[in-house]
Structures are given as structure tokens and as C-alpha cells.
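For reference, the chains in residue letters:
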Amino acid sequence: MNISMVDLKTQYLHIKQEVDREIAEVIDSTQFIGGAKVTAFRENLEQYLGVKHVIPCANGTDALQIAMMALGLQPGDEVIIPAFTYVATAEVIGLLGFTPVMTDVDPDTFNIRVDHIEAAITPRTKAIVPVHLFGQCADMEPIMALAKKHNLYVIEDNAQAIGGDYTAPSTGLKSKTGTIGHYGCTSFFPSKNLGCYGDGGALMTNDDELAKAARIIANHGQSKQYYHDKIGVNSRLDAIQAAVLLVKLKYLDTYCAARARVADAYDQAFAGISALKTPVRAPYSTHVFHQYTMQVTDGRRDALKTFLAEQEVPSMIYYPVPLYKQEAFKQYWNGTILPVTERLCETVISLPVHTEMTPEVLEKITGSVKAFFAGS
Ligand SMILES: *Cc1c(COP(=O)(O)O)cnc(C)c1O
């Protein structure tokens, strides 16, 4: 039994005919950049998300960078982010000469909290980047209200949560994750919930002006060919990736449901283990389980990881180090310890979750976790 964190091979075999045909059409047309597949995917994704504009680009990190450039932020401007996230969120902020301001996260959802954001706002604050970590939406309604009050932009990092639904607690209004802020950014990296067969990404927005601004930045700062209004970047989704995504978008809801079934099975299997805190489901968001991330509360997280590796069950630590303690980001750190972030870095462990989990593999994984705790 060969267990992996993500099984892209079996998934491909299930959609091979469709994917191969779509890719062959691109090669046959030799329309490798832009063209019908990119347009069709953009339109289908706009429809799926119920958003006015999708702007495809080369990867999720670029999407974040394009959003920040298009908003016209200036060097020294502060951008509030969670300290417990993937590096890309903070990296583009530093790269553009802005200052990432890291805040602590919620101990149950692992997401940024409106009270911590509010406490971090200064006259230099220009934007907030909520990250919908592991597949669950941050509580966006109060964040949007706070942003409006302080005249701040909100950029959702939706790289891990595409396909999820957020329900605004006060109105009951439902929105797809990534369509609530001024911009939403996502990644089509192969192992993401909607992944292509290389690199890809996109921005989402309901604002016509912001859509236009992002398109200009992503295309060398030009609004008209060979007329450059701004310093931009070259960031495109290529047609072969769009062709793959055209097929996979049709299955995104099925894929989300398959991941949720794995998560439910884990929840059930581990319910009696007091040293494990399984993922908390927020009432305002669906969970698309990009990761199934538990907390090991008896101090034996690393021992569990080693034990599982001996059983040939893979697991991952997302993320082992608070961003502010990373060498590259220490320059932004004032020495304040964020206790929830610190604790999560020491206690979290992610188990395999993907669309192709078999009962046998699931049994092996849950059996191994239970065996570890049974010995204690
Ligand atoms: C994957 C990811 C990104 C970056 O996406 P790439 O396509 O790899 O550039 C950004 N933010 C988060 C939270 C991610 O998980």
C-alpha cells in the first residue's frame, strides 16, 4: 500500500479521456497563450463563483502581487496578515516594499480574527489579507465592516479554499470564498483543490475598475498594445493549463464532497482520542478540506509523525515556524510572541486528504493514528 498526501494520478485516470482531448485541442490549434480555452475557463469560473470578473494569471503568488500593485499601495504602507500562513502571503508584501504586519489567529479555525486586526491598525495601514487556511473561510463579514470603517482594502488569499461557501452571520447571505473582498486571489498549483498540471492562478473581483487595473498590471502595465501606463508584470495562465482546468472545474463540487467524506471519517475515528483536537467547523463557512489539520495536545506531535512514518503513513506539518520567526521576515518583527500561532506551530499535523481515498487506505491511516494513542 503506497499512501501519499495527494493522489493526483488516480484522479487523472478518472478524467483522462476528457483531459487528453482538451490538451490535444490546444496543441492542434497551436494557440498556446490566450485563446478559446482561457476565455472559456475564465467565463466558467466567473459563473461558478458568481463573480463579475476572473483575471487568470501565472500562479497564486502572482495573483497576490498583482492585487497589491493594482491597488496602488506605496512603500512603507502596512498590510495586515495572519502570522500562521504560507509564506507567499507575506512575501509579496515585502517584495513590493510594503510592511507585513502579522497578527495572531483563532485557535479553532486557524484564521485571522477581526479583533486582532483592529488592534493592529495604524495610520499607515492600507490593506488586510485574510487567508482562508486549510479550506475554511475567515469570518469575512466583520472584517469587511472594519475595513470599510477604516477605508482599507481587503485581499482574500483563497488559494486553499476555492469552492467553499461563506454565509454572512447577520444577513444569511451566501457567497463563494474569494468573491467577498476587493480582490480574491487563488492558485491552481497541482495539489490545490482546483489544480492544473503546472502553475496557474487567478484574481477575482466584482469591481469593474479593479478588474481593469489588475488586467493592466498582469499584462506589462499596458491598457493598449505597446502603450505602457504603469510598471506591470508578465503573468498569464497558459492555454494547456486552462484546458485542464476547464475539465476539473466541472468536478470541483464532487471533489469537495470527496474530501469532506474523508474528513468526516477522520473526525469519527478520532472522536475518542482526548489528545487529538480535530478540525473545528465554523458555523459561517463550509470546509473544503484542502488540509485535514489536527492539534496534538499532549506534546507528542513529533512522536506521532515519526510513528506514522514508520507505518508508511505520510503526514505534514503546515506550518512549523511562525512567519515572524522566519529568517526573511525577522526584520518586520518587534519581538511580540503570538501565543496561538506559536502553539499551533508546535501542535498541528495534517493527514492525507484527497479526492481518491479508498476505504483500505483510510482504515490504514486511522488505524495507525489510533494505535499510537492506544499505547499511551
Ligand atoms: C499555494 C498558496 C499560495 C501560492 O500559490 P502558488 O500558485 O504556489 O504561487 C498562496 N497562499 C496560500 C495560502 C497558498 O496555500
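About the thresholds
Residues numbered from 1 in each chain as written. Predicted model: local features only at pLDDT ≥ 70, side-chain atom pairs only at ≥ 80, totals over all residues. Heavy atoms only, no water. Near = heavy atom within 4 Å. Polar contact = N/O pair within 3.5 Å; in protein donor to acceptor, adjacent residues only side chain to side chain. Areas by Shrake-Rupley, 256 points an atom, 1.4 Å probe, with all protein chains shown as cover. Axes fitted to C-alpha atoms, helices over the stretch in contact; angles between N-to-C directions. Helix = DSSP H or I, 4+ residues; strand = E, 2+ residues; numbered from the N terminus. Parallel < 35°, antiparallel > 145°, perpendicular 65-115°, else oblique. Left-handed = near helix turned anticlockwise from the far one by under 90°. Contact = heavy atoms within 4.5 Å. Nonpolar A, V, L, I, M, F, W, Y, C, P; charged D, E, K, R; others polar. Phe/Tyr/Trp six-rings, centres within 6.5 Å; stacked < 30°, edge-to-face > 60°. Buried < 20%, exposed > 50% of the residue type's maximum accessible area, 1.4 Å probe, protein only. Lys NZ or Arg CZ within 6 Å of the ring centre and 35° of its normal. Pairing = 2+ DSSP bridges. Salt bridge = Lys/Arg side-chain N within 4 Å of Asp/Glu carboxyl O. Domains from an automatic or database assignment. Buried area = accessible area lost by both parts, 1.4 Å probe. Patch = residues over 30% accessible without salt bridge, like charges linked within 9 Å, V, L, I, M, F, W, Y side chains within 5 Å.

**Student:** Can you help me understand the site of the ligand in this one?
**Tutor:** Looking at the ligand, the residues that line it are N59, G60, T61, Y86, A88, V131, D157, A159, Q160, S187 and K192. N59 has a polar side-chain atom sitting 3.4 Å from an oxygen atom of the ligand. Between the ligand and Q160, the relevant distance is 2.8 Å, taken from an oxygen atom to a side-chain nitrogen or oxygen of the residue. Look at the ligand: alone it shows 380 Å² of surface, and the protein chains cover 91% of it.

**Student:** Explain the packing of helix α1 (residues 8-29) against helix α8 (residues 239-250) to me, please; I cannot follow it from the model alone.
**Tutor:** A pair of packed helices is characterised by two quantities: the angle between their axes and the separation of those axes. Close contact between α1 and α8 brings their axes to 9 Å; oriented N to C, the two are set at 140°. Judged on the interaxial angle alone, α8 and α1 are oblique. The two elements α1 and α8 meet at a crossing, and its hand is right-handed. Along its contact with α1, which presents Q11, I15, E18, V19, E22, I23, V26 and I27, the element α8 presents A239, I240, A243, V244, L246, V247, K248 and K250. The residue inventory of the contact of α1 with α8, partitioned by class, reads 11 nonpolar, 1 polar and 4 charged.

**Student:** Would you mind going over the packing of aromatic side chains with me for this structure?
**Tutor:** How two aromatic rings sit relative to each other is given by the distance of their centres and the angle of their planes. Throughout the structure, instances matching the rule amount to 18 aromatic pairs. Seen from their ring centres, F84 and F134 are 6.2 Å apart, and the 85° between their planes marks the pair as edge-to-face. In this pair, F84 is assigned in the loop between β2 (78-82) and α4 (88-95) and F134 in the loop between β4 (125-128) and α6 (140-150), connecting sequence segments 50 residues apart. With relative accessibility at 1%, the residue F84 sits in the buried group. Overall, the relative accessible area of 2% leaves F134 in the buried class. Residues F372 and F373 carry aromatic rings whose centres are separated by 4.9 Å and whose planes lie at 90° to one another, so their mutual orientation is edge-to-face. Neither F372 nor F373 differs from the other in exposure class; each is buried. The rings of F84, Y86, F110, F134, Y318 and Y319 are connected pair by pair, giving a single aromatic cluster. Across the ring face of Y227, the terminal group of K224 is positioned such that the distance to the ring centre comes to 4.4 Å.

**Student:** Sorry, what's going on with the side chain of Q222 here?
**Tutor:** With respect to the element layout, Q222 can be found in strand β10 (residues 222-224). Take Q222: its relative accessible area is 12%, and that puts it in the buried class. With near-sequence residues (within four places) excluded, Q222 lies in contact with I216, Y227 and H228.

**Student:** Looking at this structure, I do not really get the sheet that holds strand β14 (residues 348-351). What am I missing?
**Tutor:** In any sheet, the strands associate via hydrogen bonds between backbone groups, in a parallel or an antiparallel arrangement. With respect to topology, 3 strands assemble into an open sheet ordered β12-β13-β14, the strand pairing being antiparallel. Two strands in the sheet have a free side with no partner beyond their single neighbour: β12 (276-277) and β14. Taken together, the 2 bridges between β12 and strand β13 (residues 292-296) define a ladder with antiparallel strand orientation. Note on β13: the bridge partner recorded for L276 is V296. Strands in contact with helix α9 (residues 252-270) are β12, β13 and β14; relative to β13, the strand with the most contacts, it is inclined by about 20°.

**Student:** Just checking my understanding: could you explain the pattern of salt bridges for this structure?
**Tutor:** Side chains that carry opposite charge are capable of pairing whenever their charged atoms lie near each other. Within the structure shown, the criterion is met by 19 salt bridges. With its nearest N and O atoms 2.9 Å apart, the salt bridge here joins D264 to R281. One end of the pair, D264, is in helix α9; the other, R281, is in the loop between β12 and β13, and 17 residues separate them in sequence. The closest approach of N and O atoms between R300 and D298, which form a salt bridge, is 3.0 Å. The partly exposed category is assigned to R300, whose relative accessible area is 25%.

**Student:** What's the story with the domain arrangement of the chain in this structure? I'm lost.
**Tutor:** Reports of interface size often rely on the accessible area that becomes lost once the parts have come together. Domain annotation for the chain reports domain 1 (8-249) and domain 2 (252-370). Just the C-alpha atoms count here: the centres of domain 1 and domain 2 sit 24 Å apart. Every contact between the two is made by 49 residues of domain 1 and, on the other side, 36 residues of domain 2. Of the roughly 3600 Å² buried between domain 1 and domain 2, counting both surfaces, carbon and sulfur atoms make up 61%. The interface formed by domain 1 and domain 2 holds 1 salt bridge in total. We note a salt bridge from D108 to K277, for which the minimum N-O separation is 2.6 Å. Linking domain 1 with domain 2 are 21 residue pairs in polar contact (both at pLDDT 80 or more), by the criterion used here. Breaking the side of domain 1 that touches domain 2 down by element, the ones donating at least two residues are α1, β2, α4, β3 (99-103), β6 (165-167) and α8. Residues of the side of domain 1 that touches domain 2, tallied by class, amount to 25 nonpolar, 16 polar and 8 charged.

**Student:** Would you explain a nonpolar patch on the surface in this entry?
**Tutor:** Where nonpolar side chains cluster on the molecular surface, the patch consists of I27, F32 and I33 and spans about 280 Å² of accessible area. Counting through the fold element by element, I27 comes out in helix α1.

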